[in-house]
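# Coordinate inspection notes
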Amino acid sequence: LQEVNSRITNFLSDLAFDDPWSIFFMTVLSPLGYIKLSSVRMQGLLLLVFVKHAHLPFVRDIHTHYTRTGLYGYWGNKGGVTVRMSLYGHTVCFMNCHLPAHMENTEQRLDDFEKILEMQFEGENIPSTLDHDVLFWFGDLNFRIADYGIHFVRESINNKRYSLLWEKDQLNMAKKKEAFLQEFIEGPLQFKPTYKFDLYSDVYDTSEKKRKPAWTDRILWRVKNLCQHASKEGEFSEEEQTISVTLNNYISHMSYGISDHKPVTGTFGLEVLSQLYYPLVTLNPEGEWSAEHDVLINYSAVPEFPSSAWDWIGLFKVDFRHVNDYVTYAWVEDDEISSNGDSKQVYMSAAEIPDGGGEFLLCYYSNNLQSIVGISQPFQV
């Protein structure tokens, strides 16, 4: 999301509590089996990552970062926010950017993007953004349509002759000459330029400034092993290709009018050859669960699992929203009642079990890895 309300009072309250957009998306997505994995915000820039339950134990090494580029790096009205992770053993990075505005600032946009690429996770023991297996880059990138006058641009749009404008799109032009951009892929711009509209309308800017329409809002991606293979001579076999990205659709949504931009969405298929076959922790409820007696949880961990005294197992409703949305929890060490080789048992007090019953899940949270590393099948209480 771009340009969410970033007045200082809103920003401070959003730091203390989930911001309204996070709450909205959690409300919509949790009944569909998604939980909020991570988020990062810098003033008006917000990046949210949701994950389906089945993938949770295979998503690890989650880190967030932000880079300010406004006011020489002191102000966060422009810049980038990033969430990176390991997914089934492959590194994936999502980067949401808001680059400088105005027709004449192409070089500034490119300089800022290079700075954001360099500064994300700098000095941390994390691969650089371009060293990730897959990097998604999106946001209000603010590139404009050069050379052509406003009347020619609007006439081309009215006649749906978008291809006439592609060659003068500043991002397309930059991709031909800037080496660090050449490996980024974008779907075809088969929709009208998404900026700038009068509010609550599909009419381009009628204000005094009469901004020339442009595709400012973009979604690109880069697959690292494709880049490496492409730089070698000869073909490569499909066996070498351990991760692939397929664009299913790339569209704008003209019906939304709360902004002078029209929102853009991309839907992708990400196919990976898994390097992880088992969760770090396997767990399940023992026997019948009810609020009438203490209940037991069985779990086992793989030998290399880095457990901690601060690990815990949470009881969650099946439509839980995020990792802190537990009904109750048990400490794996304090509440342990038996240990037999790999297999351990933990108890949960009857007083903590919901009287109303329902469908629930158990999740094992690793303090060292700062993520859920095991999840049970749904079960009834």
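Preceding this section is the structure that the text describes.
Fair warning: this is a prediction, and the values are worked out from it, not measured in the lab. (Residues numbered from 1 in each chain as written. Predicted model: local features only at pLDDT ≥ 70, side-chain atom pairs only at ≥ 80, totals over all residues. Heavy atoms only, no water.)

## Thoughts on the overall build of the chain
Rule in force here: Secondary structure counts use DSSP, requiring at least four H or I residues in a row for a helix and at least two E residues in a row for a strand, with both numbered from the N terminus. Note on exposure labels: buried denotes an accessible area under 20% of the residue type's maximum, exposed denotes more than 50%, and partly exposed covers the range between, all computed with a 1.4 Å probe on protein chains only. Contact definition: two residues touch when any of their heavy atoms are within 4.5 Å. To measure how exposed things are, a 1.4 Å probe is used in the Shrake-Rupley method; for residues, cover is taken only from the protein chains shown.
When its secondary structure is counted, the chain shows seven helices and 19 strands. Here the chain holds 381 residues, and the buried ones make up 46% of them. Here the contacts in the chain between residues at least 6 apart in sequence split such that 63% fall between residues at least 24 apart. Just so you have it, the chain exposes about 19600 Å², and 51% of that area is on carbon and sulfur atoms.

## Some thoughts on unusual backbone geometry
Note the cis peptide between Tyr 195 and Lys 196, where omega equals 0°. With respect to the helices and strands, Lys 196 occurs in the loop between strand E7 (185-186) and strand E8 (217-223). Phi is positive for His 102, which is not a glycine, with a value near 80°. Residue placement: His 102 occurs in the loop between strand E5 (90-98) and helix H3 (106-119). One non-glycine residue with positive phi stands out, namely Asn 142, at about 65°. Residue position: Asn 142 is located in the loop between strand E6 (134-140) and helix H4 (150-158).

## Quick word on the nonpolar core
The condition that has to hold: Take the buried Ala, Val, Leu, Ile, Met, Phe, Trp, Tyr and Cys residues and link them wherever side-chain atoms come within 4.5 Å; each set so joined is a nonpolar core. Domain boundaries shown here were taken from an automatic or database domain assignment.
Residues Leu 37, Leu 56, Met 85 and Phe 320 are the most contacted members of the largest nonpolar core, which totals 46 residues. Both domain 1 (53-72 + 80-272) and domain 2 (281-380) contribute no fewer than three residues apiece to this core. Excluding residues that lie within four positions of it along the chain, Leu 37 makes contacts with Val 49, Phe 50, Val 51, Leu 56, Val 59, Ile 62 and Met 85. The next biggest cluster of nonpolar side chains, apart from the first, holds 21 residues, and it includes Val 281, Val 295, Ile 297 and Tyr 299.

## A short note on the sheet that holds strand E15 (residues 336-340)
What counts, and what does not: Any two strands with at least two DSSP bridges between them are considered paired. Lines are fitted to the C-alpha atoms to define the axes, a helix being fitted only along its stretch in contact, and any angle between axes, read from their N-to-C directions, falls within 0 to 180 degrees.
The four strands are arranged E11-E12-E16-E15 in an open sheet whose pairing can be described as antiparallel. The open sheet has two free edges, formed respectively by strand E11 (281-286) and E15, since each of these has just one partner strand. When the angles between neighbouring strand axes are averaged without regard to direction, this sheet yields 20°.

## Quick word on the pattern of salt bridges
Note the cut-off: In what follows, salt bridge is the name for a side-chain nitrogen of Lys or Arg lying within 4 Å of a carboxyl oxygen of Asp or Glu.
If you walk through the whole model with that rule in mind, you get five salt bridges. In this structure, Arg 218 and Asp 169 form a salt bridge, with 2.9 Å as the shortest nitrogen-oxygen distance. In this pair, Arg 218 is assigned in strand E8 and Asp 169 in the loop between helix H5 (163-166) and helix H6 (170-177), connecting sequence segments 49 residues apart. Here Arg 218 matches Asp 169 in class, with each residue buried. Taking the shortest distance from any N to any O, the salt bridge between Glu 186 and Arg 218 comes out at 2.7 Å. Taken together, the residues Glu 186 in strand E7 and Arg 218 in strand E8 connect sequence positions 32 residues apart. With respect to class, Glu 186 is no different from Arg 218; both count as buried. The structure contains a network of salt bridges with shared partners spanning Asp 169, Glu 186 and Arg 218.

Shape is all these values report; function is a separate question.
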